[in-house]
Amino acid sequence: MTDSNQIFTEAQKSLLTVALNCIIPEKGSMPGAGALGVMEFIENLVATDPKLRRLLIDGLSQIVVVASVQYGQEFGELDRYGQNEALTEIQVQQPVFFAFLLRQCYNGYYTNAQIQALIGYQRPSPS
């Protein structure tokens, strides 16, 4: 069964998951953003908006190009330093994509019920 909101290829999902784990890495009891499933949050967000979908797909393609051209490896094969350097280059080359990715990474992470429980946040109950 295929989810109608699935817009990324498996390779794009894997790449996005690794990138999200770079933006918010695992620390102590806090999972990384990629491990938490923020990729699905972003995929659902862009599924109904062709412009955002194109922005994400083009940006992910640029991550592949930067990793390949500058480091001769796939992004997921780079060490954490190399991944962070590649993302820094993407921030310079594709600032609109990077800003969107960063914003949605934090949105997806901190609106997740598991993260809210871990940081002690309780949603206000409806009146």
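Procedures and definitions
- Residues numbered from 1 in each chain as written.
- Predicted model: local features only at pLDDT ≥ 70, side-chain atom pairs only at ≥ 80, totals over all residues.
- Heavy atoms only, no water.
- Helix = DSSP H or I, 4+ residues; strand = E, 2+ residues; numbered from the N terminus.
- Expected span 1.5 Å × (residues − 1).
- Buried < 20%, exposed > 50% of the residue type's maximum accessible area, 1.4 Å probe, protein only.
- Arc of directions from axis to C-beta.
- Contact = heavy atoms within 4.5 Å.
- pLDDT = per-residue confidence, 0-100.
- Axes fitted to C-alpha atoms, helices over the stretch in contact; angles between N-to-C directions.
- Left-handed = near helix turned anticlockwise from the far one by under 90°.
- Parallel < 35°, antiparallel > 145°, perpendicular 65-115°, else oblique.
- Nonpolar A, V, L, I, M, F, W, Y, C, P; charged D, E, K, R; others polar.
- Salt bridge = Lys/Arg side-chain N within 4 Å of Asp/Glu carboxyl O.

The next thing to look at is helix α5 (residues 80–93). Between the first and last C-alpha of α5 there are 20 Å, a value that for 14 residues agrees with the 20 Å anticipated at 1.5 Å per step. Along α5, the residues that are buried comprise Gly 82, Gln 83, Ala 86, Leu 87 and Ile 90. On an axial view of α5, the arc spanned by its buried residues comes to 135°, and they lie on one face. Counted as exposed and oriented over 90 degrees from the buried face of α5: Tyr 81 and Val 92.

A few words on the environment of Leu 87. Assignment of secondary structure puts Leu 87 in helix α5. Counting along the chain gives 24 residues from Leu 87 to Thr 111, while the straight-line C-alpha distance between them is 24 Å. With sequence-adjacent residues up to four places away left out, Leu 87 is seen in contact with Ala 19, Cys 22, Ile 63, Phe 75 and Phe 98.

Below, the discussion takes up the confidence of the model for the chain. When pLDDT is averaged along the chain, the result is 93, and 96% of the positions lie at 70 or above. By mean pLDDT, helix α7 (residues 113–118) is the weakest element of the chain at 94, and helix α6 (residues 95–110) is the strongest at 98.

Residues three or four positions apart in an α-helix share a direction because the helix packs 3.6 residues into each turn. If you check helix α1 (residues 10–23), its first and last C-alpha atoms are 20 Å apart, about what 14 residues at 1.5 Å a residue would give, namely 20 Å. Taken together, the buried positions of α1 are occupied by Gln 12, Lys 13, Leu 15, Leu 16, Ala 19, Leu 20, Asn 21, Cys 22 and Ile 23. Residues of α1 that are buried in the fold lie against α2 (33–36), α3 (38–46), α4 (50–71), α5 and α6.

Structurally, Gln 12 is set in helix α1. Taking relative accessible area as the criterion, Gln 12 reaches 16% and is therefore assigned buried. Once residues lying within four places of it in the same chain are set aside, the contact partners of Gln 12 are Ile 7, Ile 57 and Leu 60.

Moving on: the packing of α3 against α6. In the contact formed by α3 and α6, the axes pass within 9 Å of each other and the chain directions differ by 115°. Pair α3 / α6 crosses with right-handed handedness. Residues Val 38, Phe 41, Ile 42, Leu 45 and Val 46 of α3 form the contact with α6, whose own contacting residues are Phe 100, Leu 101, Gln 104, Cys 105, Asn 107, Gly 108 and Tyr 109.

Two elements in contact, α1 and α5, have axes whose closest approach is 10 Å; the angle formed by their N-to-C orientations is 95°. The angle between α1 and α5 falls in the class roughly perpendicular. Along the contact surface, α1 presents Val 18, Ala 19, Asn 21 and Cys 22, while α5 presents Arg 80, Gln 83, Asn 84 and Leu 87. Residues that form the contact of α1 with α5 fall into these classes: 4 nonpolar, 3 polar and 1 charged.

This part takes up the pattern of salt bridges. Side-chain pairs of opposite charge can arise where the charged atoms are in close proximity. All chains considered together, the criterion is met by 2 salt bridges. The closest approach of N and O atoms between Lys 13 and Glu 10, which form a salt bridge, is 3.6 Å. With Lys 13 and Glu 10 both in helix α1 and 3 residues apart, the pair spans about one turn of that helix. Exposure remark for Glu 10: the relative accessible area of 59% places this residue in the exposed category. A salt bridge links Asp 58 to Arg 54, with the nearest nitrogen and oxygen atoms 2.9 Å apart.

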